[in-house]
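These are the residues of each chain, in order.
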Number of protein chains: 2
Amino acid sequence: MPRKPSAADAPLRLDNQICFAVYSAAHAFNRVYKPLLDRLGLTYPQYLVMLVLWERDDVPVKDIGEKLFLDSGTLTPLLKRLEAAHLVKRTRSSEDERQVLIALTPQGHALKDKARSVPQSILAASDCSVSELVAMKDEIVALRDRLNAVIGE
Amino acid sequence: MPRKPSAADAPLRLDNQICFAVYSAAHAFNRVYKPLLDRLGLTYPQYLVMLVLWERDDVPVKDIGEKLFLDSGTLTPLLKRLEAAHLVKRTRSSEDERQVLIALTPQGHALKDKARSVPQSILAASDCSVSELVAMKDEIVALRDRLNAVIGE
DNA sequence: TCACATTTAATTGTTCGCAATTGAATGTGC
DNA sequence: GCACATTCAATTGCGAACAATTAAATGTGA
């Protein structure tokens, strides 16, 4: 027998879940990015790694992982693919042989110029003012940091 | 030679990307959910499918996909795992043999009661008022829908 | 009716994402 | 100096996520 919607079920309703909003928005972003990044020969996570490296080059895997909240199980194969694409070089640090330093190749540096049009296209797809987006971003980052604080206890 | 931060690079800076905020928040949610869902024997995407089915049972794969923005390449193996866990049953529709209908088993129905504590735990981890979360959720959903609108053109 | 397009799941192959483990390098306390 | 713990990247195994293709069922137009 069909049950009428119960108030007790409200917390379990899909449309009431902020996590699903975030989850589905992440996928929507990914789908908007895909055609843009295809032209650069990058996936979205690879693009994030490149953003890190364009800010600061020659960093250990661990640093990239801390900035992107990813571990070596994700980054090691991803970085090997970037190396196979001649965008980065992986070399063991001579000071600390445990570390692997990731450095951009000339092609990796050059790709930055081709990437400059990407944020503009995303902004257009968002159909939203910059100030609104910045405000949303700050709220989402604050929420993320509160969630991450709970994990680390 | 180290370059000083250039204003022209601001759009490419990781911390300025709303997409990264959303992406990393989704992962943070997933990490908070993991221990809660482990007790139910579900992954987060499986939990989303169960949320859909707890609202309405006996639906074709396509309907689940439309609600969750997922395709059969993701859902078919996921639903087979839920079937292997005895939470759902997959049967071809007799009216339209192309469709596979997904129905909850008694265990699948029963799991709903065990899941009721999950949203409360997430709310606590968010460390945020319900009204703030609802406002954020609505903004994120609106953004997601604008992004999805761009894709479908 | 019959050729044709459309719809629906399933399948294949590639790339993430993470838990758990491994192994080498480094740091430490005695 | 030496046992011990810690750090770091790599590896393995599993579960998404999606593009592209396949195959079967259904719908449509002439």
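Further up the page is the structure itself.
Keep in mind that this is a model prediction, so the values were computed, not measured.

Student: Would you mind showing me how to read the overall build of chain A here?
Tutor: Across its full length, chain A holds seven helices and three strands. Counting helices and strands in the order they occur from the N terminus, chain A gives α-α-β-α-α-β-β-α-α-α. Taking 153 residues into account, the globule formula puts the C-alpha radius of gyration at 15 Å, and chain A, at 20 Å, lies well above it. Per-residue burial for chain A yields a buried fraction of 45% across its 153 residues.

Student: How do you make sense of helix α2 (residues 44-55) of chain B when you look at a structure like this?
Tutor: Since there are 3.6 residues in each turn of an α-helix, residues three or four apart along the chain are aligned in direction. Residues and elements named next belong to chain B. Taking 1.5 Å per residue as the helical rise, α2 with its 12 residues ought to reach 16 Å, and the 17 Å between its terminal C-alpha atoms agrees with that figure. With 10 of its 12 residues buried, α2 lies for the most part within the structure. Taken as a whole, α2 has its buried residues at Tyr44, Gln46, Tyr47, Leu48, Val49, Met50, Leu51, Val52, Leu53 and Trp54.

Student: So what exactly am I meant to see when it comes to the protein's contact with DNA strand D here?
Tutor: Around DNA strand D there are 30 residues in total, and A:Tyr23, A:Lys62, A:Lys80, A:Arg90 and B:Thr43 lie nearest to it. Of all atoms in DNA strand D that approach within 4 Å of the protein, 79% are sugar or phosphate atoms. The contact in question runs from a base nitrogen of DNA strand D to an N or O atom on the side chain of A:Ser72, over 2.8 Å. B:Glu97 places a polar main-chain atom, nitrogen or oxygen, 3.2 Å from a phosphate oxygen of DNA strand D. Going through the elements one at a time, α1 (18-38), α3 (61-68), α4 (72-84) and β2 (88-92) of chain A together with α2 and α4 (72-84) of chain B are the ones with two or more residues in the surface near DNA strand D. Class assignment for the residues of the surface near DNA strand D results in eight nonpolar, nine polar and 13 charged.

Student: Would you explain the state of the cysteines in this entry?
Tutor: What we call a disulfide is simply a covalent bond connecting the sulfur atoms of a pair of cysteines. Using the criterion set out here, one finds zero disulfides over all chains in the structure. In this structure B:Cys19 is not part of a disulfide, and its nearest cysteine sulfur, from A:Cys128, lies 14 Å away.

Student: How do you make sense of helix α7 (residues 130-151) of chain B when you look at a structure like this?
Tutor: Across its 22 residues, α7(B) extends 31 Å between first and last C-alpha, which sits within 8% of the 32 Å expected from 1.5 Å per residue. Of the positions making up α7(B), those classed as buried are B:Leu133, B:Met136, B:Lys137, B:Ile140, B:Leu143, B:Arg144, B:Leu147 and B:Asn148. For α7(B), the angular spread of buried residues about the axis comes to 140°, placing them on one side. Summarising the contacts, the buried residues of α7(B) are in contact with α1, α6 (117-126) and α7 (130-151) of chain A together with α1 (18-38) and α6 (117-126) of chain B.

Student: How do you make sense of the protein's contact with DNA strand C when you look at a structure like this?
Tutor: Neighbouring DNA strand C are 30 residues, the closest being A:Thr43, A:Arg81, B:Tyr23, B:Arg31 and B:Lys62. Counting only the atoms of DNA strand C within 4 Å of the protein, the fraction contributed by sugar and phosphate is 78%. In the environment of DNA strand C, a phosphate oxygen lies 3.1 Å from a nitrogen or oxygen atom belonging to the backbone of B:Val61. B:Arg98 has a polar side-chain atom sitting 3.2 Å from a base oxygen of DNA strand C. For the surface near DNA strand C, the secondary-structure elements that each account for two or more residues are α2 (44-55) and α4 of chain A together with α1, α3 (61-68), α4 and β2 (88-92) of chain B. A breakdown of the residues in the surface near DNA strand C according to their chemical character gives eight nonpolar, nine polar and 13 charged.

Student: Is there a simple way to think about the environment of B:Lys137 in this case?
Tutor: Along the chain, the position of B:Lys137 falls in helix α7. The exposure class of B:Lys137 is buried, given its relative accessible area of 11%. Discounting chain neighbours no more than four positions away, the residues touching B:Lys137 are A:Asp15, A:Asn16, A:Gln17, A:Ile18 and A:Ala21.

Student: For this particular structure, what's the right way to read the interface of chain A and chain B?
Tutor: A common way to state how big an interface is: give the accessible area lost once the parts meet. Between chain A and chain B, the contact holds 55 residues from the first and 55 residues from the second. Roughly 5,600 Å² is buried in total at the junction of chain A and chain B, and carbon and sulfur atoms are behind 72% of that figure. In this structure, the connection of chain A to chain B is made through four salt bridges. Across the pair B:Lys112 and A:Asp9 runs a salt bridge, and its minimum N-O distance is 3.0 Å. Taken together, the connections running from chain A to chain B amount to 18 residue pairs in polar contact (both at pLDDT 80 or more). Of all the secondary structure elements, the ones that give two or more residues to the side of chain A that touches chain B are α1, α2, α3, α5 (106-115), α6 and α7 of chain A. In terms of residues, the side of chain A that touches chain B owes the most to one element, α1(A), which gives 14 residues. Counted by class, the side of chain A that touches chain B contains 37 nonpolar, five polar and 13 charged residues.

Quick notes on the rules
Residues numbered from 1 in each chain as written. Chains lettered and ligands numbered in written order. Predicted model: local features only at pLDDT ≥ 70, side-chain atom pairs only at ≥ 80, totals over all residues. Heavy atoms only, no water. Helix = DSSP H or I, 4+ residues; strand = E, 2+ residues; numbered from the N terminus. Rg over C-alpha atoms; globule rule 2.2 N^0.38 Å. Buried < 20%, exposed > 50% of the residue type's maximum accessible area, 1.4 Å probe, protein only. Expected span 1.5 Å × (residues − 1). Near = heavy atom within 4 Å. Polar contact = N/O pair within 3.5 Å; in protein donor to acceptor, adjacent residues only side chain to side chain. Nonpolar A, V, L, I, M, F, W, Y, C, P; charged D, E, K, R; others polar. Disulfide = S-S within 2.5 Å. Arc of directions from axis to C-beta. Contact = heavy atoms within 4.5 Å. Buried area = accessible area lost by both parts, 1.4 Å probe. Salt bridge = Lys/Arg side-chain N within 4 Å of Asp/Glu carboxyl O.

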